[in-house]
Amino acid sequence: MQNNLSVSRQSLWALSLGLSLTACSGENIEPSSEAFSTAADVHSDSRVIAETAEIDALLNSREFGILGGQANLFDIETELLEPSLTQAASSTVKEANPSERNPYYGDLHVHTAYSFDGYAFGTLASPYDAYSFARGEAISNPGGYDMQLTEPMDFYAVTDHGMFLGLVKAAAETNTEFSKNKFSEPYHDLNAPGNFGTDMFSRFKRLLTFADFIPSAVSGVFGEQLNRQEVLEITRSAWADTIDAADQFNDPGRFTTFAAYEYTSSTASMGNLHRNVIFQDTETLPREPFSRLHSNNPEDLWDWMDELRSKGVESLAIPHNSNGSNGQMFKTVDWSGTPFDNSYAEQRSRNEPIVEITQIKGTSETHPTLSTRDELAGFEITPYRVATGALSQIKGSYVREALLTGLAIETQGTTNPYQFGFIGSSDTHSAASQNNESAFSSKLGILSSTAEQRGSIPQKGFDGQLAYYGTKVFETINPTPLGKSLYVKIDSDVYAGGASPTYGASGFAAAWAEENTRDSLYQAFRRKEVFATSGPRIRLRFFAGYNFDSSMLSAANGIERAYANGVTMGGTLLAKQQGADNSSPGFMVIASADPKNAPLQRIQIIKGWVDSAGKTYENVVDVACAHGAEVNAQTNRCPDNGARVDISDCSINPEKGSAQLSVLWQDPEFDPQQRAFYYARAIENPTCRWSTWDAIRAGVAPRPDLATTIQERAWSSPIQYLPRD
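Residues numbered from 1 in each chain as written. Predicted model: local features only at pLDDT ≥ 70, side-chain atom pairs only at ≥ 80, totals over all residues. Heavy atoms only, no water.

S.K.: What should I look at first to understand the overall build of the protein chain in this one?
M.R.: When its secondary structure is counted, the protein chain shows 15 helices and 28 strands. For the protein chain, whose C-alpha radius of gyration is 25 Å, the value lies close to the compact-globule estimate of 27 Å for 725 residues. In terms of principal-axis extent, the alpha carbons of the protein chain reach across some 80 × 60 × 50 Å. Relative to its full complement of 725 residues, the protein chain shows a buried share of 63%. In the protein chain, of all internal contacts separated by at least 6 residues, the share reaching a separation of at least 24 is 78%. As displayed, the protein chain offers around 26200 Å² of accessible surface, 48% of which is attributable to carbon and sulfur atoms. (Helix = DSSP H or I, 4+ residues; strand = E, 2+ residues; numbered from the N terminus. Rg over C-alpha atoms; globule rule 2.2 N^0.38 Å. Buried < 20%, exposed > 50% of the residue type's maximum accessible area, 1.4 Å probe, protein only. Contact = heavy atoms within 4.5 Å. Areas by Shrake-Rupley, 256 points an atom, 1.4 Å probe, with all protein chains shown as cover.)

S.K.: When you look at the environment of Glu 299 in this model, what are you seeing that I'm missing?
M.R.: Mapped onto the elements of the fold, Glu 299 is located in helix 8 (residues 298–310). Its relative accessible area of 18% is what places Glu 299 among the buried residues. Spatially, the C-alpha atoms of Glu 299 and Phe 508 are 27 Å apart, while their sequence positions differ by 209 residues. Look past the residues within four positions of Glu 299 in its chain and what remains in contact with it is Asp 334, Trp 335, Tyr 344 and Gln 347. Within the structure, Glu 299 has its side chain in polar contact with the backbone nitrogen of Trp 335 (distance 2.7 Å). (Polar contact = N/O pair within 3.5 Å; in protein donor to acceptor, adjacent residues only side chain to side chain.)

S.K.: I would appreciate a short explanation of the sheet that holds strand 9 (residues 362–363) in the present structure.
M.R.: Pairing between sheet strands relies on hydrogen bonds along the backbone, with the strands arranged either parallel or antiparallel. The mixed open sheet is built from three strands, whose spatial order is 9-8-10. On the outer flanks of this sheet lie strand 9 and strand 10 (421–424), each paired with one strand and no other. Here four bridges tie strand 8 (residues 354–359) to strand 10, and the two strands are oriented parallel to one another. Note that in strand 10 the partner of Thr 358 across the bridge is Gly 424. (Pairing = 2+ DSSP bridges.)

S.K.: Would you mind showing me how to read the sheet that holds strand 18 (residues 586–592) here?
M.R.: An order of 16-15-18-23 is seen for the four strands of this open sheet, with the pairing classed as antiparallel. Strand pairing shows two members of the sheet lacking a second neighbour, strand 16 (566–568) and strand 23 (660–666), which therefore form its edges. Ignoring which end each strand starts from, the neighbouring axes of this sheet average 15° apart. Across the sheet, helix 14 (residues 558–565) lies against strand 15 (539–545), strand 16 and strand 18, angled at about 105° from strand 16, the strand it touches most. (Axes fitted to C-alpha atoms, helices over the stretch in contact; angles between N-to-C directions.)

S.K.: Which parts of the structure should I look at to understand the nonpolar core?
M.R.: As a rule of thumb, nonpolar side chains are buried together in soluble globular proteins. Grouped together as the largest cluster of nonpolar side chains are 55 residues, with contacts concentrated most on Phe 164, Leu 167, Phe 178, Phe 213 and Val 231. When residues of this core are assigned to their parent elements, the largest contribution, nine residues, is made by helix 6 (residues 200–222). Those residues within four positions of Phe 164 in sequence are excluded, and the remaining contacts are Leu 73, Phe 74, Phe 213, Ile 214, Ala 217, Val 218, Val 231, Thr 235 and Leu 293. Counting 54 residues, the second largest nonpolar core, distinct from the first, contains Ala 575, Ile 605, Trp 609 and Val 623. (Core = buried A, V, L, I, M, F, W, Y, C linked by side-chain atoms within 4.5 Å.)

S.K.: I tried to follow the pairing of strand 6 (residues 275–279) on my own but got confused; where do I start?
M.R.: Along any regular strand, the residues point their side chains to alternate faces of the sheet. Taking burial as the measure, the five residues of strand 6 include five buried ones, the bulk of the element. Side chains Arg 275, Val 277 and Phe 279 of strand 6 all project onto a buried face; the interleaved residues Asn 276 and Ile 278 project onto the opposite face, where all are buried too. Two elements, strand 6 and strand 7 (residues 315–319), share five bridges in a ladder whose sense is antiparallel. Within strand 7, the residue paired with Ile 278 across the bridge is Leu 316.

S.K.: What exactly am I supposed to notice about the packing of helix 8 against helix 9 (residues 342–351) here?
M.R.: Relative placement of two packed helices is described by the angle separating their axes and the distance separating the axes. With their axes 10 Å apart at the nearest point, helix 8 and helix 9 run at an angle of 65° to one another. Judged by the inter-axis angle, helix 8 sits roughly perpendicular to helix 9. In this structure, the crossing between helix 8 and helix 9 has a hand that is left-handed. Here Glu 299, Trp 302, Asp 303, Met 305, Asp 306 and Arg 309 of helix 8 lie close against helix 9, whose contacting residues are Tyr 344, Gln 347, Arg 348, Arg 350 and Asn 351. Looking at the contact of helix 8 with helix 9, its residues break down into three nonpolar, two polar and six charged. (Parallel < 35°, antiparallel > 145°, perpendicular 65-115°, else oblique. Left-handed = near helix turned anticlockwise from the far one by under 90°. Nonpolar A, V, L, I, M, F, W, Y, C, P; charged D, E, K, R; others polar.)

S.K.: Explain the packing of aromatic side chains here, please?
M.R.: Think of a pair of aromatic rings as described by two things: how far the centres are apart, and how the planes are tilted against each other in angle. Under the criterion given, the structure shown has 40 aromatic pairs. A ring pair is formed by Tyr 105 and Phe 508, whose centres lie 5.8 Å apart and whose planes are at 70°; its orientation type is edge-to-face. Placement of the pair is Tyr 105 in strand 1 (residues 102–110) and Phe 508 in strand 13 (residues 508–513), with a sequence separation of 403 residues. Across the pair, Phe 508 and Tyr 105 agree in class, each one buried. For the pair Tyr 522 and Phe 525, a centre-to-centre distance of 6.5 Å together with 65° between the ring planes defines the contact as edge-to-face. With a gap of three residues between them, Tyr 522 and Phe 525 both fall in helix 13 (residues 518–527), about one helical turn apart. Classification of Tyr 522 as buried rests on a relative accessible area of 1%. By relative accessible area, which is 1% here, Phe 525 ends up buried. (Phe/Tyr/Trp six-rings, centres within 6.5 Å; stacked < 30°, edge-to-face > 60°.)

S.K.: Would you mind going over helix 4 (residues 127–134) with me for this structure?
M.R.: Here helix 4 lies mainly inside the structure; six of its eight residues are buried. Those residues of helix 4 that are buried are in contact with strand 1, strand 2 (139–140), strand 3 (146–147), strand 4 (155–158), helix 7 (228–249) and strand 5 (256–263). Two or three places before Tyr 128, at the start of helix 4, stands the capping residue Ser 126, its side-chain oxygen 3.2 Å from that residue's backbone nitrogen. Just downstream of helix 4, Gly 136 is the residue with a positive phi angle, here 115°.

S.K.: Would you mind going over the side chain of Asn 191 with me for this structure?
M.R.: As for its placement among the helices and strands, Asn 191 is situated in the loop between helix 5 (167–172) and helix 6. According to the relative accessible area criterion, Asn 191 is buried, its value standing at 8%. Every residue in contact with Asn 191, bar those within four places of it in the chain, is listed here: Tyr 119, Gly 122, Thr 123, Leu 124, Phe 196 and Arg 206.

S.K.: Teacher, can you tell me more about the pattern of salt bridges here?
M.R.: Any two side chains of opposite charge can pair if their charged atoms end up close together. What the rule picks out here adds up to 41 salt bridges. Salt-bridge contacts for Glu 77 lead to Arg 236; the nearest nitrogen and oxygen are separated by 3.5 Å. With Glu 77 in the loop between helix 2 (46–61) and strand 1 and Arg 236 in helix 7, the pair connects residues that are 159 residues apart, well separated along the chain. A residue is classified by how much of its surface remains accessible, and Arg 236, at 11% relative accessible area, is buried. Because the salt bridges share partners, they merge into one network encompassing Glu 77, Glu 233, Arg 236, Arg 287 and Glu 288. (Salt bridge = Lys/Arg side-chain N within 4 Å of Asp/Glu carboxyl O.)

S.K.: I would appreciate a short explanation of the environment of Glu 288 in the present structure.
M.R.: With respect to the helices, strands and loops of the structure, Glu 288 is situated in the loop between strand 6 and helix 8. Dropping the residues within four chain positions of it, Glu 288 is found in contact with Asp 75, Glu 77, Leu 232, Arg 236, Trp 239, His 294 and Trp 304. Within the structure, the side chain of Glu 288 is placed 2.7 Å from the side chain of His 294, a separation counted as a polar contact.

S.K.: Explanation requested: unusual backbone geometry in the structure shown.
M.R.: The omega angle of the peptide bond from Ser 506 to Gly 507 is 0°, so this bond is cis rather than trans. Among the secondary structure elements, Gly 507 is positioned in the loop between strand 12 (493–496) and strand 13. The backbone phi angle of Asp 427 is positive, close to 65°, even though this residue is not glycine. Within the fold, Asp 427 resides in the loop between strand 10 and helix 11 (451–454). Overall, the relative accessible area of 1% leaves Asp 427 in the buried class. Look at Cys 650: it is not a glycine, yet its phi comes out positive at around 70°.

S.K.: Would you explain the pairing of strand 4 in this entry?
M.R.: Neither face of strand 4 is left uncovered, since the one carrying Phe 155 and Ala 157 and the one carrying Tyr 156 and Val 158 both have all their residues buried. Two elements, strand 1 and strand 4, share three bridges in a ladder whose sense is parallel. Paired with Val 110 across the two strands is Val 158, which belongs to strand 4. Inspection of the sheet shows strand 4 paired to strand 5 by four bridges, in the parallel sense.

Set out below in structure tokens:
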């Protein structure tokens, strides 16, 4: 088995050659706008397009790829764990008036040392450590400093990769039986105390571990250098330990945990098709997680979930990072290329009622290319496929477009598979959520533990020049899917490049539930009464109904009336009965700012609809403005509220925003015969982006191709409007 974990003599020659090139000029980088970072606006950049073509050719030439190719390594099974290993019994949702539901905030996408990439990035934190962090305790970043929340989470789920769960940890830690085989030798002591360097050589070694481990393990099992059953037993043991951690920390009414894992599917060209599988409870669970090593086809995952459901095991899958799917997440054909039918759509909707719209690796709501009249569409875009330097195709990769695609599918007589709700989460690989712009350490463990590695401040002196030129030569001689832009030069400064600088300090999953328990939260996920935030604990309600009036916004029983006479986020509003008046429904939105963050600037409603010919449309309308300012009737936009950020210290003028905004809005273009969806978006005043905070601490100017400020936000799940036949 060929292994590339050490820096080769050829690579050292390449880096030495880079020393002679340090006098070359930097790249021509346009300054960034605040709405859309130049570093993310690269789909028309000829250099990035050419590099994407090179990476695609490389991916097509690899037998197993970064994530093991399309190989089915293990037999699909639905064997259940022994009851003694799943001790926590399920509870029932308490009887309560829906108006008494509370918003609970959490993270359903968290990786620990059991994930192959988390361990390769230096993470030593266990699922137990992850839950301790979520409860408010400090845990260690691989860079040697503490990470701690300013406020504990309400719920948390460890979602380590199901494929080879725990295997790289077992290979690297030399006290395990598995570490004694020849395959494991190159990984020995990867995370020993002396191996946490942040220099370029250390970074390369870890990146090569990440890129090498899965294909090497796949070829090792196929070639019988690794014992298939031994590998499965390591995975099952790690899975049982993950469940045990969830049960130990689950505290009904105070803190909720879920047994969960990540299904990490992708296309051959690294189009991301990842899902997190969340189990309702731990009373009955499968003995091993279904991974891409069982099947890379998500439809087989849904079959597995359906089969488990027939045995009393309830779960749902949450797609994430559709922005990195290369157009594959929201296609109009199935895995085999056949157009959707009703059976496909119903199975997908049954198993995937919600999607993750925002996280560290970018926000997947929409893209400026798709939503040309949405000035806020460029929010925290990461334009690359996951784990590569290759561009991700825009069409088919974003959630708003998928909602529109679903409407078009309906006009062809097929069930709509894209009627999902929205959550956010983090995808941290250090066990610790990263929602705070001012304390962001990103997701890559030791590889993002410093501002230089995150790409927010320049690499220093000679080391930066060596990294810039050396990696370009190295990638020319020994190309990898990460590409030649791991470092970029802007004027005379060298920065870490690739996707990392475009990552965002995001996000939260929020659910309206009767109580903080597994069953109550899970039922909220199922009915899609959930919303996403980009990090702050914004509180967002969204209702639609025909008998609403403005008194409901302030009345003590206003929320109760909204539930009684309408539908909430995630619901479906039917057209009025035939013969009824044609008055349009009212849309009620109430948003409260996070008191620890910036005040609110505006509330928007996003509408999508389809005409009789199957053509789709969208519109973004401001419906409430800070301090009661009027929406401009011609532009449908709030006036500038005067909110500003002092980039020298990130101070803001909070008196210019509102602590709460509420509105009852009617669509002036409502057509009772027109299929549509609506969702709310609450927008904060501008605040400093994490990269600006890094620059201030370092005493340097903010990186010019990154936005210096952002406008944090929350998104409600859509309400679907359905005309009567």
